[in-house]
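Analysis of the macromolecular model
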Amino acid sequence: MLSNRGAVMLSSNYSHLYNSYARIPLNFTHGQGAYVYTDTAEEYLDFTSGIAVTGFGHAHPYINEALEQQAKKLWHLSNLFTIELQEKLASRLCAISFADKVFFANSGTEAVECAIKTARRYHFIQGNSEKNTIVSFCGAFHGRTLAALAATGNKKYLEGFAPKAPGFVQFSPQLPIAELEQQLQAMHNNIAAILIEPIQGEGGVNVIPDSMLQFLRRFCDANNCLLIFDEVQTGIGRTGQVFAYQHSGVKPDLMCLAKGLGNGFPIGACLGTEKAASAMTPGTHGSTFGGNLLAMAVANAVLDLILQPDFLAQSTEISNLLYKELSKIANKHSAIIEAPLGRGFLLGLKAKIPNEKLITACRNNKLLTLGGGNNVMRILPPLNITKEHVEQAAQKLDKACTDLQP
Ligand SMILES: *Cc1c(COP(=O)(O)O)cnc(C)c1O
């Protein structure tokens, strides 16, 4: 018999979990597609997708089947051995991107760590170990491990965790390009890589203009620096292309993926060109769980779905519809929200009241959304929703704004 010793009542008001999250007291027990259900059988439309993770919604039958089939065969081997499902996923990711090489990790922050290490070692091998600074941008989010946190640069997240890891410098993404160029030029001998999200997600759905990405590419090429795109949030169809960089045509040397790649199964990946990844020889990096067979089976299934002909065209059509609905509501409730931000299904509404109030009002109308920097409410639906979901969400948001009317 399995012992149940240690079980406690959930209703006890002392939580043994770290207090590091401000949790909403809703207890969801199951989900189906774009909906989640509480222990009291209340239905919510989930436009958080677990923070841009469950791009195909909850309990997707095709993804579930892939997980169940793999669970019966083999869960975990470690990277001591050849893993065919890793080879398969890596070759598919490379076939649809700029990349030639992939390292599998378990989270976004680990994908970022891998990119930072890859960039530094690239220069080290060339005898340029002074090229070790990572340039990133204000409003960025790259994760919570100590190096990714230094790249994130958010004072609130760094507080109490000093010393901040050395070798990170940040600039405002709003700087005029000429001014940024001057500042970067002054330190180019020390720059290993420039790290940027094509759309800042956590920062509040801040779309980086193509002209900026084009400038960064030019600068990196001219100064032997690597360009890293953090597509942990923007990748895997979230913006209407498989990767957000494809909208701009600017290709990075390294790219970080995670969130949407596993539809909720933990996975991260760092993709690179042959050249950028060339210094990562045996023993230079590793991960016990990275490339786990369950994660590989799930991510391959996610790719099957995202690469269906017309899937992204259809998803874009529905996201355009949602954008239009959001614009209408923003017009109608102009005292509460501004015009929508973002691209594809990475959308946001800048609130004119505290964004938490708007998010709460949506939640009271059974629509789940989430916050972002700059007082934005983020809207991150599954990529496969229909017109009906859009209409429902629009009604709920309209009602939420009406509820907030003074
Ligand atoms: C969420 C996120 C991360 C961190 O991912 P974790 O899986 O939470 O470590 C890094 N970069 C971006 C752009 C993200 O949105």
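Residues numbered from 1 in each chain as written. Predicted model: local features only at pLDDT ≥ 70, side-chain atom pairs only at ≥ 80, totals over all residues. Heavy atoms only, no water.

In this section: the nonpolar core. L93, L180, L184, I194, L216, L257 and L397 are the most contacted members of the largest nonpolar core, which totals 87 residues. Of all the elements, helix α10 (residues 293-306) adds the most residues to this core, at eleven residues. Not counting chain neighbours up to four residues away, the residues in contact with L257 comprise L93, A111, E231, V232, G235, I236, F243, G268, A269 and L271. V112, A151, C256 and A276 belong to the second-largest nonpolar core, a separate cluster that totals 24 residues. (Core = buried A, V, L, I, M, F, W, Y, C linked by side-chain atoms within 4.5 Å. Buried < 20%, exposed > 50% of the residue type's maximum accessible area, 1.4 Å probe, protein only. Helix = DSSP H or I, 4+ residues; strand = E, 2+ residues; numbered from the N terminus. Contact = heavy atoms within 4.5 Å.)

Turning our eyes to something else, we now look at unusual backbone geometry. Among all residues save glycine, negative phi is the norm, and among peptide bonds the norm is trans. The amide bond that connects A162 to the next residue, P163, takes the cis arrangement and shows omega of 0°. Within the secondary structure layout, P163 lies in the loop between α6 (155-158) and β6 (168-171). Although it is not a glycine, N374 adopts a positive phi angle of roughly 65°. For N375, which is not glycine, the phi dihedral falls at a positive 60°.

Attention shifts here to the layout of surface pockets. Empty space left among the atoms is revealed by rolling a probe the size of a water molecule over them. Taken as a whole, the second largest pocket holds about 870 Å³ of empty space. For the second largest pocket, the lining is made up of 33 residues, of which K101, V102, F103, F104 and M280 are closest to its centre. If you list the elements that add at least two residues to the lining of the second largest pocket, you get α3 (84-95), β4 (101-105), α4 (108-125) and β12 (268-272). Broken down by element, the residue count for the lining of the second largest pocket peaks at five residues, all from α3. Here the residues of the lining of the second largest pocket are counted per class, giving 14 nonpolar, 15 polar and four charged. (1 Å grid on protein atoms, 1.4 Å probe; cavity = no way out; pocket = protein on both sides within 12 Å on 5 of 7 lines; lining within 4 Å. Points joined across faces, edges and corners; volume = space filled by probe spheres on them. Nonpolar A, V, L, I, M, F, W, Y, C, P; charged D, E, K, R; others polar.)

Here we take up the sheet that holds strand β15 (residues 367-368). Strand order in the open sheet made by the four strands is β1-β2-β3-β15, with mixed pairing throughout. Two strands lie at the open edges of the sheet, namely β1 (28-32) and β15, each paired on one side alone. In the sheet, β1 pairs with strand β2 (residues 35-38) via four bridges, with the strands oriented antiparallel. Its bridge partner lying in β2, G31 is registered against V36. Docked against the sheet, helix α13 (residues 387-404) engages β2, β3 (43-46) and β15, running at close to 105° with respect to β3. (Pairing = 2+ DSSP bridges. Axes fitted to C-alpha atoms, helices over the stretch in contact; angles between N-to-C directions.)

One pass over the full model with this rule turns up one cavity of 30 Å³ or more. Of the voids in this model, the largest cavity is the one considered here, and its volume is about 50 Å³. What lines the largest cavity is simply F47, L322, L326, L367, T369, M377, I379, A393, A394 and L397. For the lining of the largest cavity, the secondary-structure elements that each account for two or more residues are α11 (311-332), β17 (376-379) and α13. At three residues, the largest contribution of residues to the lining of the largest cavity is made by α13. Residues belonging to the lining of the largest cavity are distributed by class as follows: nine nonpolar, one polar and no charged.

All right, on to the state of the cysteines then. Enumeration over the complete set of coordinates arrives at zero disulfides. Of all cysteine sulfurs, the one in C270 lies closest to C114, which takes part in no disulfide; the gap is 3.9 Å. Residue classification places C114 among the buried residues on the basis of a relative accessible area of 3%. There is no disulfide at C220, and the cysteine sulfur nearest it, in C225, is 5.1 Å away. (Disulfide = S-S within 2.5 Å.)

Around the ligand, a shell composed of S107, G108, T109, F141, H142, G143, E197, D230, V232, Q233 and K259 is seen. Contact between the ligand and G108: an oxygen atom at 2.8 Å from a main-chain N or O atom of the residue. Within the side chain of Q233, one N or O atom sits 2.8 Å away from an oxygen atom of the ligand. Protein chains bury 82% of the 380 Å² of accessible surface belonging to the ligand in isolation. When the residues that make up the shell around the ligand are grouped by side-chain class, the tally is two nonpolar, six polar and three charged. (Near = heavy atom within 4 Å. Polar contact = N/O pair within 3.5 Å; in protein donor to acceptor, adjacent residues only side chain to side chain. Areas by Shrake-Rupley, 256 points an atom, 1.4 Å probe, with all protein chains shown as cover.)

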